[in-house]
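# Summary of the model geometry
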Amino acid sequence: MPVRSPTLNVMANAALKAARGLIRGFGEVEQLQVSVKGPGDFVSTADLKAERTLKAELTRARPGYGLLSEEGGGTAGSDSRHRWIVDPLDGTTNFLHGIPHFSISIALERDGEVVAGLVYDPTRDEMFSAEKGAGAFLNDRRLRVSARRRLDEAVIATGIPALQSEAQETYLATLAAVMAATAGVRRLGSAALDLAYVAAGRCDGFWEFGLSPWDVAAGLLLVREAGGYVSDLSGGQTMMASGDVLAANDHLHLPLAVLLKEARRARPAA
Ligand code: IPD
Ligand code: CA
Ligand code: CA
């Protein structure tokens, strides 16, 4: 059984503490589905509370580090080399609808590079973690991306834009291309977990456009440390800045990149 580093311990303890609140909140949300007002406000409260817990725990353990989080934006620390990147609740729409698939994502950046990542799924008690150069783990088990080589046997996760996104047409062209070439496409609803599932070999690849740094910071490291390959949609490494992500095992990354590129060329962005 691998011994967790002090850094991963800090991240794991923070995630476990925040998760207790989320699980309590999720129980309430299931009750609120039938109320007229719905669980909307309640969910934002649970989200903000998880963020406060994470911030308090991470700052207590590493007082000088900066923090970038979805709800709170960026806070600079006295230590300009280190920054936490946090999504307290990834999969809000699932949470809101009582669908038990959401996560907490925590990454640590050193000198602008992510060196540790943790994605925790509270409903399954699955903790995915990685440190640069030290491999990726699901709880105590070492992870490896899938070995599948054939697209027609591959299951690919994705994120579908919502609410009249400008990118809808382009996205639909990529979806059509991947649907036609693979064994199945999954929209699970938490980008951080999608990447963790690629690291775990559950999905053979993942693509999405327009994500935020807190959605992907931890998950990208998980995939790399599990032996997979990550890029933006042009094969570059701008994922954190552009929000465009393609992750897969080494065999499938190139064929998927070609599929997506051709689909996008046929249907350029609006
Ligand atoms: C969302 C989830 C979803 C992805 C969206 C994200 P949130 O994050 O990761 O899977 O498709 O693009 O915004 O809003 O639930 O934290
Ligand atoms: Ca998110
Ligand atoms: Ca979120």
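Here's a quick rundown of the structure.

The rules behind these values
Residues numbered from 1 in each chain as written. Chains lettered and ligands numbered in written order. Predicted model: local features only at pLDDT ≥ 70, side-chain atom pairs only at ≥ 80, totals over all residues. Heavy atoms only, no water. Near = heavy atom within 4 Å. Polar contact = N/O pair within 3.5 Å; in protein donor to acceptor, adjacent residues only side chain to side chain. Areas by Shrake-Rupley, 256 points an atom, 1.4 Å probe, with all protein chains shown as cover. 1 Å grid on protein atoms, 1.4 Å probe; cavity = no way out; pocket = protein on both sides within 12 Å on 5 of 7 lines; lining within 4 Å. Sits in = over half its atoms within 2 Å of the grid points. Helix = DSSP H or I, 4+ residues; strand = E, 2+ residues; numbered from the N terminus. Nonpolar A, V, L, I, M, F, W, Y, C, P; charged D, E, K, R; others polar. Domains from an automatic or database assignment. Pairing = 2+ DSSP bridges. Contact = heavy atoms within 4.5 Å. Axes fitted to C-alpha atoms, helices over the stretch in contact; angles between N-to-C directions. Donors = N, O, S within 2.8 Å, 3.2 Å for Na, K, Ca; no water. Patch = residues over 30% accessible without salt bridge, like charges linked within 9 Å, V, L, I, M, F, W, Y side chains within 5 Å. Salt bridge = Lys/Arg side-chain N within 4 Å of Asp/Glu carboxyl O. Lys, Arg positive; Asp, Glu negative; His and termini not counted. Charge placed at Lys NZ, Arg CZ, Asp CG, Glu CD. Buried < 20%, exposed > 50% of the residue type's maximum accessible area, 1.4 Å probe, protein only.

Taken together, 14 residues lie around ligand 1, and Asp90, Gly91, Thr92, Arg187 and Glu208 are the ones closest in. Separating an oxygen atom of ligand 1 from a side-chain N or O atom of Asp87 is a distance of 3.2 Å. Contact between ligand 1 and Thr92: an oxygen atom at 2.8 Å from a main-chain N or O atom of the residue. For ligand 1, the accessible surface in isolation is 380 Å², of which the surrounding protein chains cover 78%. When atoms are counted within 2 Å of each cavity's grid points, the one that captures over half of ligand 1 is the largest pocket. With three residues, the single largest contributor to the shell around ligand 1 is strand β3 (residues 79-90). Of the residues assigned to the shell around ligand 1, the class counts are three nonpolar, five polar and six charged. When residues of the shell around ligand 1 are sorted by domain, at least three fall in each of domain 1 (6-142) and domain 2 (151-266).

On to the sheet that holds strand β8 (residues 141-142), then. With mixed pairing, eight strands are arranged side by side in an open sheet as β2-β1-β3-β4-β5-β6-β7-β8. Of all strands in the sheet, those bounded by a partner on one side alone are β2 (73-75) and β8. Bridging between β3 and strand β4 (residues 103-110) involves seven bridges; their strand directions are antiparallel. Each bridged residue has a counterpart across the sheet, and for Asp87 the counterpart in β4 is Ser105. Together, β1 (65-69), β3, β4, β5 (113-121), β6 (126-131) and β7 (136-138) form the strand contacts of helix α6 (residues 213-225), whose direction differs from that of β5 by roughly 100°.

This part takes up the coordination of the calcium ion (ligand 2). Distances from the calcium ion (ligand 2) to its protein donors, Asp87 (OD), Asp90 (OD) and Asp215 (OD), fall at 2.1 to 2.2 Å. In the primary structure, the donors to the calcium ion (ligand 2) are separated according to the pattern D-x2-D-x124-D. Between the calcium ion (ligand 2) and the calcium ion (ligand 3), the interatomic distance is 3.7 Å, and Asp87 donates to each metal, bridging them. One end of the pair, Asp90, is in strand β3; the other, Asp215, is in helix α6, and 125 residues separate them in sequence.

A word on a positive patch on the surface. On the surface, a cluster of positive charge is made up of Arg20, Arg24, Lys49 and Arg52. Elements represented by at least two residues in the positive patch include exactly α1 (6-32) and α2 (40-61). Checked against the element boundaries, Arg20 lands in helix α1. What makes Arg20 exposed here is its relative accessible area of 52%.

Moving on, we come to the pairing of strand β13 (residues 245-248). Residues Val245 and Ala247 point to one face of β13 and Leu246 and Ala248 to the other, with burial holding for every one of them. With four bridges connecting them, strand β11 (residues 205-208) and β13 associate as antiparallel partners. Bridge assignment links Trp207 to a residue of β13, and that residue is Leu246. Relative to β13, strand β12 (residues 229-231) is paired through three bridges, and the arrangement is antiparallel.

By themselves, these are just geometric observations and shouldn't be taken as functional.
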